[in-house]
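Listed below are the residues making up each chain.
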Amino acid sequence: MTIRKYLVLLAVAVFASCGDVCLARGMRDFGAVTSANWRWLLSALLNPWIVGGIVLLILFFSTYLTALSWADLTYVAPATALSYVIMAALGKAFLHENVTPSHWLGIALITVGVGVVASGPSRTTREHPARHGHRPPQEFDLRRGSGSES
Amino acid sequence: MSHGYVWAGIGAIVVSATAGDVLQSHAMKRLGDLGALRRERGLAYVVRRVASSPSFLLGLLFMAMAFFSLLVTLSWGEVSVVGPAAASLTFIGNAAAARIFLKEQVDGRRWLAACFVAGGVAFLAR
């Protein structure tokens with residue numbers, strides 16, 4: 001794994017958490033949505049926080065797909081779970097949400113899980129034969145049949 | 001609404017979210033490193049390739065199903081149950097489905113990581 005790829009994984013977590021926090025902040029301007037006032041959701045699309053949240057979630061999806069193009073799903077999913085931790089920190093800092101001992105225990109478990117998976121290989125499957133002349137990633141070791149760490 | 005409906009809804013979320021993730025992963029694995037592809041052929045080519053992938057489009061459909069299943073299930077049960085249960089079980093579902101359908105080598109390390117993260121999400125969302 002190169003530094004660039006670790007940065008992509010970090011970007012996945014940051015974009016996901018910041019996007020969700022922006023959406024949550026934006027929806028606070030509107031209150032609870034019910035069947036009586038569902039049309040508010042349309043006007044929510046003009047709210048700067050909601051627009052920012054949507055842009056960040058598009059960036060999240062782009063980086064998530066990029067990560068899946070060179071790493072296993074069972075590597076990317078736990079490795080980007082740091083987004084839950086960032087979301088809790090941002091919720092406490094900017095939305096003044098309460099972080100309970102149960103939350104801290106959850107944060108600790110997620111951090112351990114991320115550490116466990118990130119210390120292993122990012123890919124365990126062979127690259128699909130390229131149909132467009134594209135070379136396989138350099139760190140993929142075909143002799144071992146698994147991703148090699150650099 | 002009874003517990004049966006709520007857990008059926010959670011099951012629908014987990015199955016559709018897992019199917020979406022597996023199909024997206026399958027599509028991206030077939031395309032190869034998107035970063036390298038973008039440097040070689042340009043962003044427009046990458047977008048065109050991704051958007052024309054059947055697995056990607058089917059994955060999007062399942063992700064939309066997961067989203068609407070979540071909305072419906074949230075109207076039946078409490079968010080403090082539905083949210084963490086669905087998110088945690090999706091991590092476990094992903095590990096099992098990736099092993100079966102994507103032939104990923106899900107060793108003890110990855111199962112342990114998935115369980116730690118699933119447990120952490122459950123605590124965090126309480």
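Residues numbered from 1 in each chain as written. Chains lettered and ligands numbered in written order. Predicted model: local features only at pLDDT ≥ 70, side-chain atom pairs only at ≥ 80, totals over all residues.

### Section: the overall build of chain B
To keep things clear, this is the line we draw: Where helices and strands are cited, they refer to DSSP runs of H or I of at least four residues and of E of at least two residues respectively, numbered from the N terminus. Burial is judged by counting other C-beta atoms within 10 Å of a residue's own C-beta: 20 or more means buried, 12 or fewer means exposed, and anything between counts as partly exposed, with every C-beta placed from the backbone. We call two residues in contact when their backbone-placed C-beta atoms lie within 7 Å.
Secondary structure assignment for chain B yields 6 helices and 0 strands. Each helix and strand of chain B, ordered N terminal to C terminal, gives the series α-α-α-α-α-α. On the principal axes, the C-alpha backbone points of chain B span a range of 55 × 35 × 25 Å. Out of the 126 residues in chain B, the part that is buried amounts to 48%. The contacts of chain B with a sequence gap of at least 6 include a subset with a gap of at least 24, amounting to 78%.

### Examining the interface of chain B and chain A
Rules: Polar here means any residue other than Ala, Val, Leu, Ile, Met, Phe, Trp, Tyr, Cys and Pro, which are nonpolar, and Asp, Glu, Lys and Arg, which are charged; Gly is therefore polar.
Taken together, the contact pairs 38 residues of chain B with 34 residues of chain A. At the level of secondary structure, the elements contributing two or more residues to the side of chain B that touches chain A comprise helix H1 (3-31), helix H2 (34-41), helix H5 (79-101) and helix H6 (108-124) of chain B. With 12 residues, H6 of chain B is the largest single contributor of residues to the side of chain B that touches chain A. Looking at the side of chain B that touches chain A residue by residue, the classes come out as 20 nonpolar, 8 polar and 10 charged.

### Side note on the nonpolar core
Note the following rule: Nonpolar cores are built from buried Ala, Val, Leu, Ile, Met, Phe, Trp, Tyr and Cys residues. These are joined into a set through C-beta atoms within 7 Å.
Core analysis: the largest hydrophobic core is formed by 71 residues, its most contacted members being Val12 and Ile110 of chain A together with Ala86 and Val117 of chain B. Residues within four places of alanine 86 of chain B in sequence aside, it is in contact with Ile10, Ile13, Val14 and Leu70 of chain B.

By themselves these figures say nothing about function.
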